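Survey of secondary and tertiary structure
Spelled out, the chains give:
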Amino acid sequence: MNQDTIAAIATAPGQGGIGIIRISGPESERILTEIFEPAGHRRSTLPESHRLAYGRILDGKEMLDECMAVLMRAPHSYTREDVAEIQIHGGLKVLDSVLSLCLRKGARLAEAGEFTRRAFLNGRIDLTRAEAVMALISARGEQEHKAAVRQMNGGTADFIRKASEKLYFLQAGLAACIDYPEEITEEEGAGNLRSGLTELISELSDAVDEHASSLIYNGLRVTLFGTPNAGKSSLLNALLGQEKAIVTEIPGTTRDTVEGEMMIDGIRICLTDTAGIRETQDLIERLGVERSEKALRSADIALLVLDGSRQLSEEEKKRIEALGEEDAVILNKSDLPGITTEETVAALRPGIPCMTVSALNGGTLEPIRSFFRKKAEVSDRLAVTQPRHLEALKRAIASLRDALNTLDHMTPDMAATDLQAAQNTLSEITGDRADEKLLDFVFSGFCVGK
Ligand SMILES: Nc1nc2c(ncn2[C@@H]2O[C@H](COP(=O)(O)OP(=O)(O)OP(=O)(O)O)[C@@H](O)[C@H]2O)c(=O)[nH]1
Ligand SMILES: [Mg+2]
């Protein structure tokens, strides 16, 4: 248990109907009784645990605000310590005054994520559930929200603990035949080690889906690029249903990259419109073209936008040929007579997805949306999604492979070190084994007050 008492504003900065100040630690009750006067009672009245009470916050004789306050005595609280929560009006100054009062009464300002860190250290939640709290708070898409809830409900921890148990079982067999060679033969103790390891590796590898993880947390990054005037900015605007980018008939209109987001099946599609690529003497446009190239490098998908009412230039033909496996072509301006068609594109690059649309007619854009839908498909049953967990899983798998390799070339007892390394890595995920550095890393991403 921590000895000091921490306090912080738990609600987001700015104006809001209600603002919450949270206090956790052994002094919570004393601080609350010193500053809170329940209606109809004296200030030092002992509050009943888990009972919301109406009253006033007083700094000496001065009233700072009306409030609702609750005391949650340990261990039935978020941190498993005594916790007090004070609901006041959500204004910067009033929250600041009440927080300062709590600090003067002996609380220390909480660090980012410190309440949740205490919940973890006091054994109320494992590390994956602690991380799920912040994942839930920062979720922007529906799939991100669902992944956070699965993790909060123990989906990740259960998966890792089951794997860890299987590994313990294999380790125990191996240890038994090493420690008691007279009683337990190698066949009895480690006979199923190889098959068990192979099974475990395959199970864990199936859970490592970095593509899905990137879709969930980063969204699908799509860059529109092509020759000036093809209609990239018009398409961005039409897809977003918003006039984000400037559109004119003058080639070279877009200079800076313009970004916008749309949602498809709970995944964020992050669209980037870029400056049309061409040789130019104009310094600003040239810098814009450099930005286009940078945006293309960081995209998951590049959409080459072409004006279907014109002949392809040699440059455009080369661009079609250079497209990556995930990329696609959009033939825009289908409201005008078609000169370049899907057949023209297919002849240059068989099999590349090609969609004929008109940015001026929203009804024609469905093929682009269904293209995104296909690319953004992600299972909503994944147990492990967060990058930190995936990275650790990959290390655990590598140690298990090392163990298999050791079994091939050496005696079984030599594999014990690799098995223990895998076991240690798995317990980093749930936090069963976590040093200060790891906890600092995890909780530094939290907001203050959580
Ligand atoms: N007829 C027709 N005109 C279009 C269509 N899409 C865009 N345009 C027109 O084409 C011109 C160029 O459109 P933009 O969206 O600015 O083209 P861009 O590719 O962003 O051009 P840059 O920013 O210069 O690279 C504008 O006059 C648009 O109104 C379309 O589907 N049909
Ligand atoms: Mg443009």
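Computed from a prediction, not measured in an experiment: that's the story for all the values here.

1. Concerning the pattern of salt bridges
- Evaluation of the coordinates by the stated rule reveals 38 salt bridges.
- Here Arg56 ties to Glu37 by a salt bridge, and the two come within 3.0 Å at their closest N and O atoms. Here Glu37 lies in strand S3 (residues 36-38) and Arg56 lies in strand S4 (residues 53-59), a separation of 19 residues in the sequence.
- Note on Arg56: relative accessible area 34%, which makes it partly exposed.
- For Glu48, the salt bridge goes to Arg51, with nearest N and O atoms at 3.4 Å. As far as burial versus exposure is concerned, Glu48 and Arg51 are alike and both exposed.

2. Some thoughts on the packing of helix H8 (residues 193-207) against helix H15 (residues 387-409)
- In the contact formed by H8 and H15, the axes pass within 10 Å of each other and the chain directions differ by 155 degrees. Between H8 and H15, the interaxial angle falls into the category roughly antiparallel. Relative to H15, the crossing made by H8 is left-handed. Of H15, the residues touching H8 (which contributes Leu193, Arg194, Leu197, Thr198, Leu200, Ile201, Leu204, Ser205 and Ala207) are Leu390, Leu393, Ile397, Leu400, Arg401, Ala403, Leu404, Leu407 and Asp408.
- For the contact of H8 with H15, the per-class residue count stands at 13 nonpolar, two polar and three charged.

3. Details of the domain arrangement of the protein chain
- Considered domain by domain, the protein chain is made up of domain 1 (6-117), domain 2 (131-209 + 384-431) and domain 3 (220-375).
- Computed from C-alpha coordinates alone, the two centres of domain 1 and domain 2 are separated by 43 Å.

4. What about the sheet that holds strand S1 (residues 6-9)?
- In spatial order, the strands read S3-S4-S5-S6-S2-S1-S7; together these seven strands make up an open sheet with mixed pairing. Each having just a single partner strand, S3 and strand S7 (108-109) make up the two edges of the open sheet.
- With respect to the sheet, helix H3 (residues 114-121) is in contact with S1, strand S2 (16-24) and S7, its orientation differing from that of S1 by roughly 135 degrees.

5. Here's the deal with the coordination of the magnesium ion (ligand 2)
- Here the magnesium ion (ligand 2) is held by the protein donor atoms Ser233 (OG) and Thr254 (OG1), which lie 2.0 Å from it. With a gap of 21 residues between them, Ser233 in helix H10 (residues 232-240) and Thr254 in the loop between H10 and strand S9 (258-264) connect regions that are remote in the sequence.
- On the accessibility criterion, Ser233 (7% relative accessible area) is buried.
- Given the relative accessible area of 12%, Thr254 is considered buried.

6. Some thoughts on helix H11 (residues 283-298)
- Here H11 contains 16 residues, and its C-alpha end-to-end distance of 23 Å stays within 8% of the 22 Å for a straight helix at 1.5 Å per residue.
- Every buried residue of H11 is accounted for by Glu285, Gly288, Val289, Ser292 and Ala295. Projected down its long axis, H11 shows its buried positions confined to an angular sector of 115 degrees, all on one face. Of the residues in H11, the exposed ones pointing more than 90 degrees away from the buried face are Leu283, Lys294 and Arg297.
- On its buried face, H11 is in contact with strand S8 (220-226) and strand S10 (267-273).
- A side-chain oxygen of the first residue of H11 lies 2.9 Å from the backbone nitrogen of Ile284; this N-cap is Asp282.

7. With respect to the sheet that holds S9
- Strands sit in the order S9-S10-S8-S11-S12-S13 across an open sheet of six strands; the sheet is mixed. Of all strands in the sheet, those with a lone pairing partner are S9 and strand S13 (354-356), marking the two edges. Sheet twist, expressed as the mean angle between neighbouring strand axes with direction ignored, is 25 degrees.
- In the sheet, S9 pairs with S10 via seven bridges, with the strands oriented antiparallel. Residue pairing for S10: Glu261 is matched across the bridge by Cys270.
- Sitting on the sheet, H10 touches S8, S9, S10, strand S11 (301-307) and strand S12 (328-332), and the angle it makes with S10 is about 155 degrees.

8. Digging into the site of ligand 1
- Near ligand 1 there are 23 residues, and of these Lys232, Ser234, Gly252, Thr254 and Asp335 occur at the shortest range.
- Between ligand 1 and Ala230, the relevant distance is 3.2 Å, taken from an oxygen atom to a main-chain nitrogen or oxygen of the residue.
- Here an oxygen atom of ligand 1 sits 2.9 Å away from a polar atom, N or O, in the main chain of Thr253.
- The element best represented in the shell around ligand 1 is H10, accounting for three residues.
- Residue classes in the shell around ligand 1 are distributed as eight nonpolar, 11 polar and four charged.

9. Thoughts on helix H4 (residues 127-138)
- Its 12 residues give H4 an end-to-end C-alpha distance of 17 Å, which sits within 8% of 16 Å, the value for a rise of 1.5 Å per residue.
- Those residues of H4 lying buried are Leu127, Thr128, Ala130, Glu131, Ala132, Val133, Met134 and Ala135.
- Lining the buried residues of H4 we find H3, helix H5 (142-152), helix H6 (155-179), H15, helix H16 (416-430) and helix H17 (436-444).

10. A few points about the pairing of S11
- Of all seven residues in S11, seven are buried; the element is thus mostly enclosed.
- Of the two faces of S11, the one lined by Ile301, Leu303, Val305 and Asp307 and the one lined by Ala302, Leu304 and Leu306 are each fully buried.
- Relative to S12, S11 runs parallel, the two being bridged by five bridges. Within S12, the position partnered with Leu306 by the bridge is Leu331.
- In this fold, S11 hands off to helix H12 (residues 314-322), which returns the chain to S12; that crossover is right-handed.

Cut-offs applied
- Residues numbered from 1 in each chain as written.
- Chains lettered and ligands numbered in written order.
- Predicted model: local features only at pLDDT ≥ 70, side-chain atom pairs only at ≥ 80, totals over all residues.
- Heavy atoms only, no water.
- Salt bridge = Lys/Arg side-chain N within 4 Å of Asp/Glu carboxyl O.
- Helix = DSSP H or I, 4+ residues; strand = E, 2+ residues; numbered from the N terminus.
- Buried < 20%, exposed > 50% of the residue type's maximum accessible area, 1.4 Å probe, protein only.
- Axes fitted to C-alpha atoms, helices over the stretch in contact; angles between N-to-C directions.
- Parallel < 35°, antiparallel > 145°, perpendicular 65-115°, else oblique.
- Left-handed = near helix turned anticlockwise from the far one by under 90°.
- Contact = heavy atoms within 4.5 Å.
- Nonpolar A, V, L, I, M, F, W, Y, C, P; charged D, E, K, R; others polar.
- Domains from an automatic or database assignment.
- Pairing = 2+ DSSP bridges.
- Donors = N, O, S within 2.8 Å, 3.2 Å for Na, K, Ca; no water.
- Expected span 1.5 Å × (residues − 1).
- Arc of directions from axis to C-beta.
- Polar contact = N/O pair within 3.5 Å; in protein donor to acceptor, adjacent residues only side chain to side chain.
- Near = heavy atom within 4 Å.
- Right-handed = clockwise from strand over helix to strand, strands pointing away.

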